[in-house]
Amino acid sequence: MTTFPASTSFVNILVFVKPSSTKPGTYDVVTAPAVPVITETDTVINYQIFDTDGYDIVLTGMVVKPAINDQLSPASVSVSGKMLTFSDANTKSMTLNVTLKFKDLGIEGVEFSHDPQISNNPQT
């Protein structure tokens, strides 16, 4: 009898982003879930732009604090710019502060960022 290893855990986080209607020059960004709680080791995390209200907004990368954390792999942005993917070792309980970087391709390439968190909670 063949035994297969457990499958990889995937967490998809939806990103809603558009220019702010109340603060010109800024952007409203919402992630769902707002703070994903990662419980499995070697989890693949994917931030996916789900709704831009018709604006041509893409992801360009991310920065993580603490920068040296032995938890997150370098991120990869899809060709379309609509997804940003990385893996999380999730071997230590900690909160990671992520800065997602965006670019609005329709407004002279305006760049902006959003700062969600990731909560690592490995199950022992």
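Read on for an overview of the structure.

Rules and cut-offs
- Residues numbered from 1 in each chain as written.
- Predicted model: local features only at pLDDT ≥ 70, side-chain atom pairs only at ≥ 80, totals over all residues.
- Heavy atoms only, no water.
- Salt bridge = Lys/Arg side-chain N within 4 Å of Asp/Glu carboxyl O.
- Helix = DSSP H or I, 4+ residues; strand = E, 2+ residues; numbered from the N terminus.
- Polar contact = N/O pair within 3.5 Å; in protein donor to acceptor, adjacent residues only side chain to side chain.
- Contact = heavy atoms within 4.5 Å.
- Pairing = 2+ DSSP bridges.
- Buried < 20%, exposed > 50% of the residue type's maximum accessible area, 1.4 Å probe, protein only.
- Core = buried A, V, L, I, M, F, W, Y, C linked by side-chain atoms within 4.5 Å.

1. Some thoughts on the pattern of salt bridges
Within this structure, the stated rule accounts for 1 salt bridge. Its salt-bridge partner being Lys92, residue Asp70 comes within 3.9 Å of it at the nearest N-O pair. Taken together, the residues Asp70 in the loop between strand 5 (57-65) and strand 6 (76-77) and Lys92 in the loop between strand 7 (83-88) and strand 8 (94-104) connect sequence positions 22 residues apart.

2. Quick notes on the side chain of Asn69
Tracing the backbone through its elements, the reader meets Asn69 in the loop between strand 5 and strand 6. At a separation of 2.7 Å, a polar atom in the side chain of Asn69 contacts the main-chain amide nitrogen of Gln71. Within the local environment of Asn69, its side chain forms a polar contact with the backbone nitrogen of Leu72, the two atoms lying 3.1 Å apart. Setting aside residues up to four positions removed in sequence, Asn69 forms contacts with Val64, Lys92, Met94 and Leu96.

3. Some thoughts on the sheet that holds strand 6
Hydrogen bonding along the main chain pairs the strands of a sheet, whether they run parallel or antiparallel. Overall, mixed pairing links the 5 strands, which are arranged 2-1-4-7-6 in an open sheet. Looking along the sheet, the strands with just one partner apiece sit at the ends: strand 2 (27-32) and strand 6. Examined bridge by bridge, strand 1 (residues 10-19) and strand 2 share 6 bridges and lie antiparallel to one another. Bridge pairing in strand 2 links Val15 to Thr31.

4. A look at the side chain of Thr31
Of note, Thr31 is situated in strand 2. Here Thr31 falls in the buried class, since its relative accessible area comes to 8%. Discounting residues that sit within four places of it in the chain, Thr31 has contacts with Ile13, Leu14, Val15, Tyr47, Leu100, His114 and Pro116.

5. Examining the nonpolar core
One finds Val17, Tyr47, Met62, Phe86, Leu100, Phe102 and Ile118 to be the most contacted residues of the largest nonpolar core, which totals 22 residues. For this core, the secondary-structure elements that each account for two or more residues are strand 1, strand 2, strand 4 (43-51), strand 5, strand 7 and strand 8. Beyond its immediate chain neighbours, meaning those up to four positions away, Met62 contacts Leu72, Ala75, Leu84, Phe86, Val98, Thr99 and Leu100.

6. With respect to the pairing of strand 4
Across 7 bridges, the pairing between strand 1 and strand 4 is parallel. Residue pairing for strand 4: Val11 is matched across the bridge by Ile45. Bridge analysis of strand 4 against strand 7 gives 6 bridges, and the strand direction is antiparallel. Of the residues in strand 7, the one forming a bridge with Gln48 is Met83.

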